[in-house]
Amino acid sequence: MKEFARVAVCVPPCVVGGFTQNADEVISLMKSATSQEVGVAVFPELCLCSYTLRDLFFDRTQLDCCYAALARILAVSKELLLTPLTFIGMPLETHQGLYNVAVAIQNGEILGVIPKSFIPSYREFEERRWFRPGTEISRGSTTFLLGKQVPFGTDLLFVGNPLRSLVVAAEICEDIWVQMPPSMRMVGNGATVICNLSASNFTIGKADLRRLLCKSASDRGKCAYLYVAAGPGESSTDLAFDADAFICENGAILAESRRFSREPQIICSDIDLELLAHDRRVTGTFGDCAVHEASLVTMQLQHMQRGAVREIVFQATHPNIGMMRKIEPHPFIPQDPQTLATRTWEIFEIQTNALATRMRACGKPKLVLGVSGGLDSTQAALVAAVALDLNKQPRSDLVCITMPGLGTTSVTKNNAVALTESLGGTLMTIPISEASRIVLTSIGHPATHGANTLDEFLAILRNDPKLANVTLENVQARMRTLVLMSVANQVNGLVVGTGDLSEKALGWCTYSGDHIANYDVNCGVPKTLIQFVIRWVANERVTQWGDDPTKGNATLLRQTLFSILNTPISPELVPPDAHGRIAQLTESSIGPYELHDFFLYHFVRHGRGPQRILDLARIAFGTRYTVDELKKWLTIFITRFFRNQFKRSCATDGPKVGMVALSPRGDWRMPSDASCDDWIHQIKTYTE
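Residues numbered from 1 in each chain as written. Predicted model: local features only at pLDDT ≥ 70, side-chain atom pairs only at ≥ 80, totals over all residues. Heavy atoms only, no water.

Enquirer: Please give an account of empty space enclosed by the protein that cites residues and values.
Expert: The rolling of a water-molecule-sized probe over the atoms marks out the regions of remaining empty space. For the structure shown, the criterion picks out 3 cavities of 30 Å³ or more. Around the largest cavity sit Lys-504, Gly-507, Cys-509, His-515, Lys-647, Arg-648 and Ala-651, which together line it. (1 Å grid on protein atoms, 1.4 Å probe; cavity = no way out; pocket = protein on both sides within 12 Å on 5 of 7 lines; lining within 4 Å. Points joined across faces, edges and corners; volume = space filled by probe spheres on them.)

Enquirer: For the sheet that holds strand β18 (residues 426–429), give the residues involved together with the corresponding values.
Expert: Either a parallel or an antiparallel arrangement is found when strands of a sheet pair, and the pairing is made through backbone hydrogen bonds. Taken in spatial order, the 5 strands of this open sheet run β18-β17-β16-β19-β20, and their pairing is parallel. Edge positions in the sheet fall to β18 and β20 (519–520), since each of these pairs with one other strand and no more. In this sheet, strand β19 (residues 493–497) lies alongside strand β16 (residues 366–370) in parallel orientation, the contact comprising 3 bridges. Of the residues in β19, the one forming a bridge with Leu-367 is Leu-494. Each of β16, β17 (398–402), β18 and β19 is contacted by helix α12 (residues 470–491), which is oriented at about 165° to β16, the strand it contacts most. (Pairing = 2+ DSSP bridges. Helix = DSSP H or I, 4+ residues; strand = E, 2+ residues; numbered from the N terminus. Contact = heavy atoms within 4.5 Å. Axes fitted to C-alpha atoms, helices over the stretch in contact; angles between N-to-C directions.)

Enquirer: Which residues make up unusual backbone geometry, and what are the values?
Expert: With omega at 10°, the peptide bond leading from Asn-161 into Pro-162 counts as cis. If you trace the backbone, Pro-162 turns up in strand β8 (residues 156–162). In this structure, Arg-54 takes a positive phi of about 55° despite not being glycine. Examined against the element boundaries, Arg-54 turns out to sit in the loop between β2 (40–42) and α2 (60–79). Classification of Arg-54 as partly exposed rests on a relative accessible area of 37%. In this structure, Leu-81 takes a positive phi of about 55° despite not being glycine. Within the fold, Leu-81 resides in the loop between α2 and β3 (85–94). (Buried < 20%, exposed > 50% of the residue type's maximum accessible area, 1.4 Å probe, protein only.)

Enquirer: Any chance you could break down the packing of helix α1 (residues 19–35) against α2 for me, citing the residues and the numbers?
Expert: At a minimum axis separation of 9 Å, α1 and α2 run at an interaxial angle of 25°. By the angle between their axes, α1 is roughly parallel relative to α2. Considering the relative orientation of α1 and α2, their crossing is right-handed. Residues Phe-19, Thr-20, Ala-23, Asp-24, Val-26, Ile-27 and Met-30 of α1 lie in contact with α2, whose contacting residues are Gln-62, Cys-65, Cys-66, Ala-69, Arg-72, Ile-73, Val-76 and Ser-77. In terms of residue class, the contact of α1 with α2 is made up of 10 nonpolar, 3 polar and 2 charged. (Parallel < 35°, antiparallel > 145°, perpendicular 65-115°, else oblique. Left-handed = near helix turned anticlockwise from the far one by under 90°. Nonpolar A, V, L, I, M, F, W, Y, C, P; charged D, E, K, R; others polar.)

Enquirer: So what about helix α14 (residues 527–545)? Which residues, and what values?
Expert: In this model, α14 (19 residues) spans 26 Å end to end at C-alpha, consistent with the 27 Å of a helix rising 1.5 Å per residue. Restricting attention to buried positions, one finds in α14 the residues Lys-527, Thr-528, Leu-529, Ile-530, Val-533, Ile-534, Trp-536, Val-537, Ala-538, Arg-541, Val-542 and Trp-545. Trailing α14 by a residue or two, Gly-546 shows a phi angle of about 55°, which is positive. (Expected span 1.5 Å × (residues − 1).)

Enquirer: Break down the pairing of strand β13 (residues 252–256) for me, with residues and values.
Expert: Sheet topology note: the strand β12 (residues 245–249)/β13 ladder contains 4 bridges and is antiparallel. Residue pairing in the sheet places Glu-249 in a bridge with Ala-252 of β13.

Enquirer: Lay out the packing of aromatic side chains with the relevant residues and their values.
Expert: Within this structure, the stated rule accounts for 23 aromatic pairs. A ring pair is formed by Phe-603 and Phe-641, whose centres lie 5.2 Å apart and whose planes are at 75°; its orientation type is edge-to-face. Here Phe-603, found in helix α17 (residues 593–605), pairs with Phe-641, found in helix α19 (residues 627–643); they are 38 residues apart in sequence, far enough to count as distant. In this structure, Phe-603 and Phe-641 share a single accessibility class: buried. Geometrically, the ring pair formed by Phe-641 and Trp-668 is edge-to-face, given 5.6 Å between the ring centres and 75° between the ring planes. Linking Phe-641 in helix α19 with Trp-668 in the loop between α20 (645–648) and α21 (677–684), this pair joins segments that are 27 residues apart in sequence. By relative accessible area, Trp-668 is classed as buried at 19%. Between Arg-648 and the ring centre of Phe-641, over which it is positioned, the NZ or CZ distance is 4.1 Å. (Phe/Tyr/Trp six-rings, centres within 6.5 Å; stacked < 30°, edge-to-face > 60°. Lys NZ or Arg CZ within 6 Å of the ring centre and 35° of its normal.)

Structure follows, in structure tokens:
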């Protein structure tokens, strides 16, 4: 796929001082990388000789054997057209002494040599006994290796051709552990992939620390970070090694090795270069830092005719076979159960604390909200109840209003009543059907012709469902808001909005109807995630309330919450069928929320175009949807997203929860009259 780069971290079995065997293992993994269309492959630090060679590093035979092993790898690489840009660790002798280096090769040629910048000599490390620091190598330097003069230094950037968005730099082991890693300067100069050749002996807890460092580096650097450590073949005289290797992108781990394996391993994944470029564009401080660093370097180099970095071109294209990374169909939902539990807890805490803060600013008002028995109003009611607890107000200050309308069913109404009672709130029932009929009659709506009573009106609608148009739907939504605001005035209350992030994106709300509230607690939570928050509250928070009478009926609340979770999503604005069943299902009208949340995440979070989104959706959902279905629902998403910006431009206050938010005062500022024609054209012209 275009603007993806396939990378690999390679862990070969190691023999201490076994130069021929080590070269054989490197060649074998390079062949595997080539067959998998890998563009960049990284091997461990000093892998041609082993990291634990100690004073044998000084030995002439050792050096000669390392050079011979490299020469053999180059010859095979050229003969067999082993195409990846490959970084191999080995010692290098210069007239100043020995350096611990990464040699970059491709197609039988040495492209450059990068020395380790920082040489540790503390605790178990003693590298200064043998190696010199790469920080002493002047920018623009060269060295002789296998009879050729090649670029040598920490200023080397490898730029892909024709895939120029693939820009690679390398550092070695300790370089990531210092407070100012060399890689951070390189990302400021354009590197999108950082390779770290490590040996890194293992101690308890070190694997987690490695991941913390590398995930942080990839997040701050808006880059990919490829880390590979040595395997158990290293000497066990004093140390142990665990074959740890992983690939990070933008703060997340994409793939990792099987630690402590004694078998050769190649771990591949596809790096999303378009994603990285987007995040660098939208994060203005990334560019600010890069410019600041460049200005400091320029001042240091004013007396030299050299730049901060040297660019070396290598051959690179995007992979044409398969996809070596998982594209999550539900990007808002963590796949790890523990992470999901933590995420749902954090969301609920954000919502409850934000509302409690707003309440204190308003003088501890009562909380007024409409409860429908659906997911969103249920979540809002749970948040409101706990916010009252935080402010030491009685649960009776939670005023829940059920407003049966033309499409209300007994199931949803019963759930709304049970929810309020089990939370210990104050229940009000205010039907809006007759009031809605009166308004519709006053404007001459065709469904009211010949209808003098509500029953006659409903009969007309059932006989001719086409009369249940948007006017009829929106009158009810605005009537409910009028009721809520009026009750709030009467009881000195604050109206709590219930609409979620997915509905904000689609404009699935009525302007000046449910679009309005005094505070919007769900505005940052997508539809696919909100049910998990409710489930977490039912299983974790409600069980803690126990039999506390001030917190309602915990047993009934859990039963009610699970009943609500099993109810189909519907706005219930058109009459139910003759059997009292829900006649208007939201997802039948606008499409599956799992798709819209997928589109929303990639469109807003990563700035992807429609054709890229369709490519990713096909991978993520497999055969669940046809290409035509994906195009249909993406067309609806894009059209509604653009046309409903005017609703988001005057959105109610509410807390940001995750990385995707649509507040006009924060993350998303968009003109309300932008055209979506070119986006739609991309969808229409998309082919498999």
